[in-house]
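Coordinate analysis (summary)
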Amino acid sequence: MNYHGGDIYQYKEEKTDFSANINPLGIPEHFRKVLFEDLSCLTRYPDRQYRKLKASIRSYLQLDQEDHVVLGNGAIEVIYKTIQALPVKRVLIACPTFSEYERAARMAGIPVREEVLYDRKGKLDGPGLMNLLEEKDLVILCNPNNPTGTLTLKEELLALSEIIKERQGYLLIDETFIEFTKDYPETSIIDAREENLIVIRALTKYFGMPGVRLGYGVFHQKELAREVEERMEPWHINSIADLAGQCVLHDRTYQEATRKWILEERAFFMKELEKLTTFTFLPTQSNFILVNSKRHKAEKIQEVLLEAGLLIRLPIGFKGLSDYAFRIAIKDRASNRKLLAELEKIEGSFSRNQENRTNLT
Ligand SMILES: Cc1ncc(COP(=O)(O)O)c(C=O)c1O
């Protein structure tokens, strides 16, 4: 199994989890109400074709006849099954990024090329990526990217998609965090309708429900969508996830509250982080921030923060990140303040230790 954030279960005492990037507004109220008013949905099998759920996704994304939705038990199931189904010779991955793409390709028995293609500012090296491109490659990009938080513009992705198409390849864009970007929905490539393009999303991050396990992919080739769907087990989406999708995708109140929160809190967090000189960070378009420490390894910082009840994400599994990098989620104001105060203390203790000629690392 790959290393991931969110493993709060290994600690006896409760931790505030900055290691997983989940909307802190939590379960949308409307869904909570609907679920508890009628738990009888659990006494029936879900619709095997998930008609109402798919209709909700289609309406949320304003899809048309040419677009085909494939559901998954989290985005992860769509990623794994899509990689298995595509007629490609190799998978090409721009790093540092989500480690499951590589694992999914390896499990499917497809050769993988992973290359560090995000620079120090978190910008994707498109020409570098195209230099590596071969016939029938599946190129996987996460946008905005995890862990850099940076966004590649739609026009650039479309240009890449054209070249990939000429070489009979596919482009898979993981848009798990796209709804957090400032100019969403303009930032999304979902309306591009290129035949070789697959876009994957989930309820996991934006709707604050990693436990529900609901993701989906949008395909523009009917046959391919069917190929992926054929690989799914029957009833792979449980009734609660089915109901969740039907509720939250129509919940404008929750979506507006989330927008307000992310715009305010992201600006606040970055402004405060800028005041700390021991740490640098990448300006993010997502709900997490990649931080680099000039002094201490991330493991040491994690150790100190755990004492204060805060859990951060180590760089483990992100090819191309140094041992000094760590990722933190943007949460509610009180939690964010607490983390910032602890980082400030670490900075302060470093200065003092410098004076006392003792070493914290
Ligand atoms: C970029 C990215 N894609 C997909 C996933 C998995 O999403 P899900 O929990 O919906 O399977 C994650 C989880 O961390 C992620 O970071």
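Residues numbered from 1 in each chain as written. Predicted model: local features only at pLDDT ≥ 70, side-chain atom pairs only at ≥ 80, totals over all residues. Heavy atoms only, no water.

Space left empty within the atom packing is revealed by a probe, the size of a water molecule, rolled over the atoms. Each pocket or cavity is described by its volume, and for the largest pocket that value is around 1200 Å³. Lining the largest pocket are 43 residues; nearest its centre among them are Gly5, Gly6, Ala20, Ile22 and Pro210. When residues of the lining of the largest pocket are assigned to their parent elements, the largest contribution, 3 residues, is made by helix H3 (residues 75-85). Looking at the lining of the largest pocket, its residues break down into 19 nonpolar, 13 polar and 11 charged. A domain split of the lining of the largest pocket shows at least three residues from each of domain 1 (8-21 + 252-360) and domain 2 (29-248). Each pocket or cavity is described by its volume, and for the second largest pocket that value is around 490 Å³. Taken together, 21 residues line the second largest pocket, and the ones lying closest to its centre are Tyr60, Leu61, Gln62, Tyr184 and Pro185. Within the residue set of the lining of the second largest pocket, elements represented by two or more residues are helix H2 (51-61) and helix H9 (252-274). No other element matches H9, which puts 4 residues into the lining of the second largest pocket. (1 Å grid on protein atoms, 1.4 Å probe; cavity = no way out; pocket = protein on both sides within 12 Å on 5 of 7 lines; lining within 4 Å. Points joined across faces, edges and corners; volume = space filled by probe spheres on them. Helix = DSSP H or I, 4+ residues; strand = E, 2+ residues; numbered from the N terminus. Nonpolar A, V, L, I, M, F, W, Y, C, P; charged D, E, K, R; others polar. Domains from an automatic or database assignment.)

So, about the pairing of strand E8 (residues 215-219). Regular strands place side chains that alternate from one sheet face to the opposite one. Counting buried positions along E8 gives 5 out of 5 residues, so the element sits mostly inside the fold. Burial of E8 is two-sided: the residues Gly215, Gly217 and Phe219 facing one way and the residues Tyr216 and Val218 facing the other way are all buried. Across 5 bridges, the pairing between strand E2 (residues 68-72) and E8 is antiparallel. Each residue of the ladder has a partner; that of Leu71, found in E8, is Tyr216. Taken together, the 5 bridges between strand E7 (residues 197-202) and E8 define a ladder with antiparallel strand orientation. (Buried < 20%, exposed > 50% of the residue type's maximum accessible area, 1.4 Å probe, protein only. Pairing = 2+ DSSP bridges.)

A word on the domain arrangement of the chain. The domain boundaries assigned to the chain delineate domain 1 (8-21 + 252-360) and domain 2 (29-248). A separation of 27 Å is found between the C-alpha centroids of domain 1 and domain 2. Facing the 23 residues of domain 1 at the interface are 30 residues of domain 2. Surface buried jointly by domain 1 and domain 2 totals about 2100 Å² across both partners, of which 59% is contributed by carbon and sulfur atoms. Taken together, domain 1 and domain 2 are joined by 0 salt bridges. Taken together, the links from domain 1 to domain 2 amount to 8 residue pairs in polar contact (both at pLDDT 80 or more). The residue inventory of the side of domain 1 that touches domain 2, partitioned by class, reads 10 nonpolar, 9 polar and 4 charged. (Contact = heavy atoms within 4.5 Å. Buried area = accessible area lost by both parts, 1.4 Å probe. Salt bridge = Lys/Arg side-chain N within 4 Å of Asp/Glu carboxyl O. Polar contact = N/O pair within 3.5 Å; in protein donor to acceptor, adjacent residues only side chain to side chain.)

With their axes 9 Å apart at the nearest point, H3 and helix H7 (residues 222-230) run at an angle of 115 degrees to one another. Crossing handedness for the pair H3 and H7: right-handed. Residues Lys81, Thr82 and Ala85 of H3 touch H7, and the partners they reach there are Leu224, Glu227 and Val228. The residue inventory of the contact of H3 with H7, partitioned by class, reads 3 nonpolar, 1 polar and 2 charged. (Axes fitted to C-alpha atoms, helices over the stretch in contact; angles between N-to-C directions. Left-handed = near helix turned anticlockwise from the far one by under 90°.)

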